[in-house]
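# Observations on the model geometry
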Amino acid sequence: MNLDEFDKLNRLREDKGEPLFANPRNAAAGSVRQLDPSITASRRLFLAAYGVGVARGITFKASGISSIGSRSRVFPPLLPSRA
């Protein structure tokens, strides 16, 4: 959850008289643990992966920043500030 979405979510919660989230990490964790999937779906979450671990059956043509093109076909989008 980026900071703009976090601020927007907290403004909505404040308007409803609900407790505010302390930070985006807590807001995202709370979003994932919802019993109602429509609540989770309404929040703009993304996965920020900092490593791939073992990737069997996938060959990368290059390493580092030049592999972003290959990664985009296999992994979720990178954070805009990291691209």
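The model shown is predicted, which means the values in this text are computed figures rather than measured ones.

Next up on the list: the overall build of the chain. Within the chain, the secondary structure is distributed over four helices and zero strands. Traced from its N-terminal end to its C-terminal end, the chain shows the element sequence α-α-α-α. Taking all 83 residues of the chain together, 19% fall into the buried category. A separation of at least 24 residues holds for 29% of the contacts in the chain among residues at least 6 apart in sequence. For the chain, the accessible area works out to roughly 6,600 Å², and carbon and sulfur atoms hold 55% of it.

As a general rule, the predicted coordinates of low-pLDDT regions are not to be interpreted in detail. A residue-level look at the chain finds 66% of positions with pLDDT of 70 or above and a mean pLDDT of 77. Confidence, read as mean pLDDT per element, is least for helix 4 (residues 68-74) in the chain (52) and greatest for helix 1 (residues 3-15) (94).

For Ser 31, the location among the structural elements is in helix 2 (residues 24-32). Discounting chain neighbours no more than four positions away, the residues touching Ser 31 are Met 1, Thr 40, Arg 43 and Leu 45.

Using the criterion set out here, one finds zero aromatic pairs in the structure. Arg 13 extends its terminal NZ or CZ atom over the ring of Phe 21, reaching a point 4.3 Å from the ring centre.

The rules behind each value
- Residues numbered from 1 in each chain as written.
- Predicted model: local features only at pLDDT ≥ 70, side-chain atom pairs only at ≥ 80, totals over all residues.
- Heavy atoms only, no water.
- Helix = DSSP H or I, 4+ residues; strand = E, 2+ residues; numbered from the N terminus.
- Buried < 20%, exposed > 50% of the residue type's maximum accessible area, 1.4 Å probe, protein only.
- Contact = heavy atoms within 4.5 Å.
- Areas by Shrake-Rupley, 256 points an atom, 1.4 Å probe, with all protein chains shown as cover.
- pLDDT = per-residue confidence, 0-100.
- Phe/Tyr/Trp six-rings, centres within 6.5 Å; stacked < 30°, edge-to-face > 60°.
- Lys NZ or Arg CZ within 6 Å of the ring centre and 35° of its normal.

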